[in-house]
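Here is how the chains run, residue by residue.
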Amino acid sequence: KVSGRRLIAVIGPSGAGKSSLVRAGVIARAPPGWRAVHCQPGEEPFLALARALAPDLAGDADEMRQLLAFHDADAALAVTARWRGRWDGALIVVDQFEELFTLNPEPVRARFVDLLRRLVDAAGVHVVLVLRDDFLLECSRHPGLAPIFADLTPVGPLPGPELRRAVVEPAASRLFAFESETLVDEMVAEVERERAALPLLAFAVSRLWELRDRERRMLTREAYETIGGVGGALARHAEETIDAIGIERLPIVRELFRNLVTSQGTRAVREVDELLSVFDGGGREGVKPSPTKAPDRTVGAGLIPARVAASEVLAQLIDARLLTSFEESSDDVNLLAENRRVEIVHESLLRSWPRLVRWQTQDADAAQLRDQLRQAARLWQERGRPSELLWSGTPYRELRVWRES
């Protein structure tokens, strides 16, 4: 299907396996002579696409310099067309395409859609968009994406038999079995109607694997009850992590998660430096440092700076697999260096962890203002910091009230 169409979309609910399908069934099976690259829009979709192309162009200094001008549509088209010419066919997969709508202002959305359409029409590149089905209406607002509606590929939640295979076969490949068929049936039944069934199962099975009976080579009911079943595994793990971090640092945990969720209830990818900058200028945290940390990091009367404390908490959340950290660097570090990024491990956590659900409900109004502020600041920066784009009047007064509260 990909080779026969230039612009198509794979849609489905969060956790249905869209990304896995495209990675394993499309990218990994590209025809001989084809080149397939993968990117996620994030807050800088043009730079994200440039980074995806960078490894193939790393040996050409002129091309690498052109990548730095990727925000210019003509420059982006020219360098992508030359990249396309190196292969019999070329495919660009834009995964989590909903990030274009949740993390970017409208002018950036329109420009990026226009670029993708030009890459398809003028450069002969095949483009596959992977996005959540509840953002399909957003695509309809952009005429350049009209072709995707002629041939959508829907990916729905796995049916019961397929979920069962997803549970049983990985363990069987390691010569382990479940203690009973009933246990597998219960696990599948608990998530079969959930939109994020697959990641919830995967997390629960990973916890079972940690508690496996090595002597009998079994995944047991006792372990299953210990983790609280499929539905409680992720939430219980999150609460255990909070307990380990310490209740005195709960405000830091909440502030980190607050900045990793958009006002639309989706995950937001943040650079670590940007995420920690929320804690700059906040003085010192009113708690003593973790006893596992070296004492020379303390300041004053046993207290530590807020940013240092936040950095420690962030590392604990990543180690606990509630957040995931990644870095996509090109071969030419000087030209396209990228800071480490972080995001919530999966959107299912946004719905299955009661504490986080409660935080989102309490923070709904502020989340919308925060998103608006981020987008306005980014636009102000991109346009050379003109004074007419600064917030004033009512928006500024609302911002002051929000910050004071």
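This write-up is about the structure you can find in this document. Not measured: the values here are computed from a predicted model.

## A look at the environment of glutamine 381
Here is step 1: In this fold, glutamine 381 is placed in helix H19 (residues 364-382).
Here is step 2: Taking the relative accessible area as the measure of exposure, glutamine 381 reaches 44% and is therefore partly exposed.
Here is step 3: Looking at glutamine 381, its side chain comes within polar contact range of the side chain of arginine 385, at 3.0 Å.

## Side note on the nonpolar core
Here is step 1: Core analysis: the largest hydrophobic core is formed by 56 residues, its most contacted members being Phe178, Met187, Phe257, Leu314, Leu317, Leu323 and Trp353.
Here is step 2: Aside from chain neighbours lying at most four places away, what touches leucine 314 is Leu256, Val272, Leu275, Leu276, Leu323 and Val342.
Here is step 3: Ranked by size, the runner-up nonpolar core spans 42 residues in total, among them Ala52, Leu57, Val94 and Phe112.

## Description of the packing of H19 against helix H20 (residues 393-404)
Here is step 1: Interaxial distance between H19 and H20 falls to 11 Å at its minimum, and their mutual angle equals 125 degrees. By the angle between their axes, H19 is oblique relative to H20. For the pair H19 and H20, the crossing hand works out as left-handed. Here H19 contributes Ala366, Leu369, Arg370 and Leu373 to the contact with H20, which in turn contributes Glu398, Leu399 and Trp402.
Here is step 2: Here the contact of H19 with H20 is composed, by residue class, of five nonpolar, no polar and two charged.

## Description of the packing of helix H13 (residues 250-258) against helix H18 (residues 354-362)
Here is step 1: Relative to each other, H13 and H18 sit at 70 degrees, their axes nearing to 11 Å. Classified by the angle between their axes, H13 and H18 sit roughly perpendicular to one another. Read as a crossing pair, H13 and H18 show a hand that is right-handed. Here Leu250, Val253, Arg254 and Phe257 of H13 lie close against H18, whose contacting residues are Arg355, Leu356, Trp359 and Gln362.
Here is step 2: A breakdown of the residues in the contact of H13 with H18 according to their chemical character gives five nonpolar, one polar and two charged.

## Some thoughts on the packing of aromatic side chains
The geometry of an aromatic ring pair comes down to the distance between the two centres and the angle between the two planes.
Here is step 1: A complete count under the given rule lists five aromatic pairs for this structure.
Here is step 2: With a centroid separation of 4.8 Å and an interplanar angle of 65 degrees, the aromatic rings of phenylalanine 176 and tryptophan 209 are classed as edge-to-face. Separated by 33 residues along the polypeptide, phenylalanine 176 in the loop between helix H8 (160-173) and strand S6 (177-178) and tryptophan 209 in helix H10 (residues 197-210) bring together distant segments of the chain.
Here is step 3: Centroid distance tryptophan 353 to tryptophan 359: 5.9 Å. Interplanar angle 65 degrees. Geometry classified as edge-to-face. An identical accessibility class is assigned to tryptophan 353 and tryptophan 359; each is buried.
Here is step 4: The side chain of arginine 212 reaches across the aromatic face of phenylalanine 176, ending 5.8 Å from its centre.

Rules used throughout
Residues numbered from 1 in each chain as written. Predicted model: local features only at pLDDT ≥ 70, side-chain atom pairs only at ≥ 80, totals over all residues. Heavy atoms only, no water. Helix = DSSP H or I, 4+ residues; strand = E, 2+ residues; numbered from the N terminus. Buried < 20%, exposed > 50% of the residue type's maximum accessible area, 1.4 Å probe, protein only. Polar contact = N/O pair within 3.5 Å; in protein donor to acceptor, adjacent residues only side chain to side chain. Core = buried A, V, L, I, M, F, W, Y, C linked by side-chain atoms within 4.5 Å. Contact = heavy atoms within 4.5 Å. Axes fitted to C-alpha atoms, helices over the stretch in contact; angles between N-to-C directions. Parallel < 35°, antiparallel > 145°, perpendicular 65-115°, else oblique. Left-handed = near helix turned anticlockwise from the far one by under 90°. Nonpolar A, V, L, I, M, F, W, Y, C, P; charged D, E, K, R; others polar. Phe/Tyr/Trp six-rings, centres within 6.5 Å; stacked < 30°, edge-to-face > 60°. Lys NZ or Arg CZ within 6 Å of the ring centre and 35° of its normal.

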